[in-house]
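# Architecture at a glance
One letter stands for each residue in the lines below.
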Amino acid sequence: MIYGKKRDFIRKITTFAPVMGICMEKKKLRFAIFGNEYQARKATAIQKVLSVLEQLEAMVYIDRPFYEFITKELCLTVDVADVFDDDNFDVDFAISLGGDGTFLKAASRVGSKKIPVIGVNMGRLGFLADVLPSEAETVLTSIAGGSYEIEEHSAIEIETDGERLTEIPWALNDIAILKRDNASMISIRTSIDDEYLVTYQADGLIVSTPTGSTAYSLSNGGPIIVPQTDTLCLTPVAPHSLNIRPIVISGSSEVTLSVVSRSHNYLVAIDGRSESLSENTRVTIRRAPFTVRIVRRSGNRYFSTLREKMMWGSDVRNV
């Protein structure tokens, strides 16, 4: 406890701090902007988001390709703190302007930095990017005021034995092993934590996170898995057997894959970013050492999004 004159002195300092200049100016929020360079028709929506950030007196940093797109192609005037390349940025939040594909690309750039990502949907489905352009002002203002929630989403990483990947080696949604072009099916020998599971004779195999369960895995018959569930799902692509079905395993498991192909190579797709590997390259997939932080509006819930975006449970028959 503080007594006597010392307490009175502290009270006076606190009272007159604004006059004395002791109170520090409120820190300006810093936003990194990522976007889709193929959305010329979305110029108005992009301008709206940038205008809101300007009103909030935020510091704006823009990914160079997107900056060149909006200034040269869209002819927009943008007041930015800086334009950045690669991972040379340090901000409080990242904003993805586009669809879920753009969101995944943004997440691949900021995920390991643990920067929260806000997805403004300018695409179609918008399952990850769930903020509509018309909602951007309300949402960004709420975020500036501290009214938001952050979801921690697990990611997975890939390690190759013998070949180095040129792309970012981790995914928020899924990592898929796929046959190349018009090649015949491939054989994928699969082990879980060094225990042999099965050899898939298929066009490919998808290893997905719960976040990615509503993406490529779902379109191949995989189950919907609620985010924050500590699991991974293995879903075959066009298996050449009726006895092969998707399987859900522990999120802490390590998946080892060895591929045999008549073309002697195959594709690995990391959230859709594809690379070619030779068939003697063994692949290991495991949980990444970090989570992707996604900003959600307060009160926004997964099951309501599932019903609205994917018409979950809706009767679409013509009555």
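Relevant structure appears above.
Rules behind the numbers
Residues numbered from 1 in each chain as written. Predicted model: local features only at pLDDT ≥ 70, side-chain atom pairs only at ≥ 80, totals over all residues. Heavy atoms only, no water. Pairing = 2+ DSSP bridges. Helix = DSSP H or I, 4+ residues; strand = E, 2+ residues; numbered from the N terminus. Axes fitted to C-alpha atoms, helices over the stretch in contact; angles between N-to-C directions. Salt bridge = Lys/Arg side-chain N within 4 Å of Asp/Glu carboxyl O. Parallel < 35°, antiparallel > 145°, perpendicular 65-115°, else oblique. Left-handed = near helix turned anticlockwise from the far one by under 90°. Contact = heavy atoms within 4.5 Å. Nonpolar A, V, L, I, M, F, W, Y, C, P; charged D, E, K, R; others polar. Buried < 20%, exposed > 50% of the residue type's maximum accessible area, 1.4 Å probe, protein only. Arc of directions from axis to C-beta. Phe/Tyr/Trp six-rings, centres within 6.5 Å; stacked < 30°, edge-to-face > 60°.

### A look at the sheet that holds strand 11 (residues 204-208)
In spatial order, the strands read 13-12-11-8-15-16; together these six strands make up an open sheet with antiparallel pairing. Every interior strand has two partners, whereas the edge strands, strand 13 (247-250) and strand 16 (273-278), have only one. Between one strand axis and the next, the sheet turns by 20° as a mean value, whatever way the strands run. Relative to strand 13, strand 12 (residues 231-237) is paired through four bridges, and the arrangement is antiparallel.

### Things to note about the pattern of salt bridges
Per the counting criterion, the structure on display carries 15 salt bridges. Note that Arg109 is salt-bridged to Asp63, the shortest N-O span being 3.0 Å. You can see Arg109 sitting in helix 5 (residues 100-110) and its partner Asp63 sitting in strand 2 (residues 59-63), a full 46 residues away along the chain. Residue Glu159 is joined to Arg286 by a salt bridge in which the shortest nitrogen-to-oxygen separation is 3.3 Å. Taken together, the residues span a long stretch of sequence, with Glu159 in strand 6 (residues 149-161) and Arg286 in strand 17 (residues 282-296) at a distance of 127 residues. Connected through shared salt-bridge partners, Lys27, Arg30, Asp90 and Asp92 make up one network.

### Describing the packing of helix 3 (residues 43-55) against helix 6 (residues 136-144)
In the contact formed by helix 3 and helix 6, the axes pass within 10 Å of each other and the chain directions differ by 30°. On the basis of the axis angle, helix 3 is roughly parallel to helix 6. The two elements helix 3 and helix 6 cross, and the hand of that crossing is right-handed. Residues Lys48, Val49, Val52, Leu53 and Gln55 of helix 3 form the contact with helix 6, whose own contacting residues are Ala136, Glu137 and Leu140. Grouping the constituent residues of the contact of helix 3 with helix 6 by class yields five nonpolar, one polar and two charged.

### Thoughts on helix 4 (residues 64-73)
Those residues of helix 4 lying buried are Phe66, Phe69 and Ile70. Projected down its long axis, helix 4 shows its buried positions confined to an angular sector of 85°, all on one face. If you follow the buried residues of helix 4, they end up packed against strand 1 (30-35), helix 3, strand 2 and strand 4 (93-98).

### Some words on the side chain of Ser217
If you trace the backbone, Ser217 turns up in helix 7 (residues 216-219). If sequence neighbours within four positions are ignored, Ser217 has contacts with Ile206, Ser208, Gly212, Gly222, Cys233 and Thr235.

### Structural notes on the packing of aromatic side chains
What characterises a pair of aromatic rings is the spacing of the ring centres plus the angle enclosed by the ring planes. Scanning the entire structure with this criterion turns up seven aromatic pairs. Centre to centre, the rings of Phe34 and Phe89 are 5.8 Å apart; their planes meet at 70°, and the pair counts as edge-to-face. Of this pair, Phe34 sits in strand 1 while Phe89 sits in the loop between strand 3 (82-84) and strand 4, placing them 55 residues apart in sequence. Phe34 gets classed as buried once you look at its relative accessible area, which sits at 4%.

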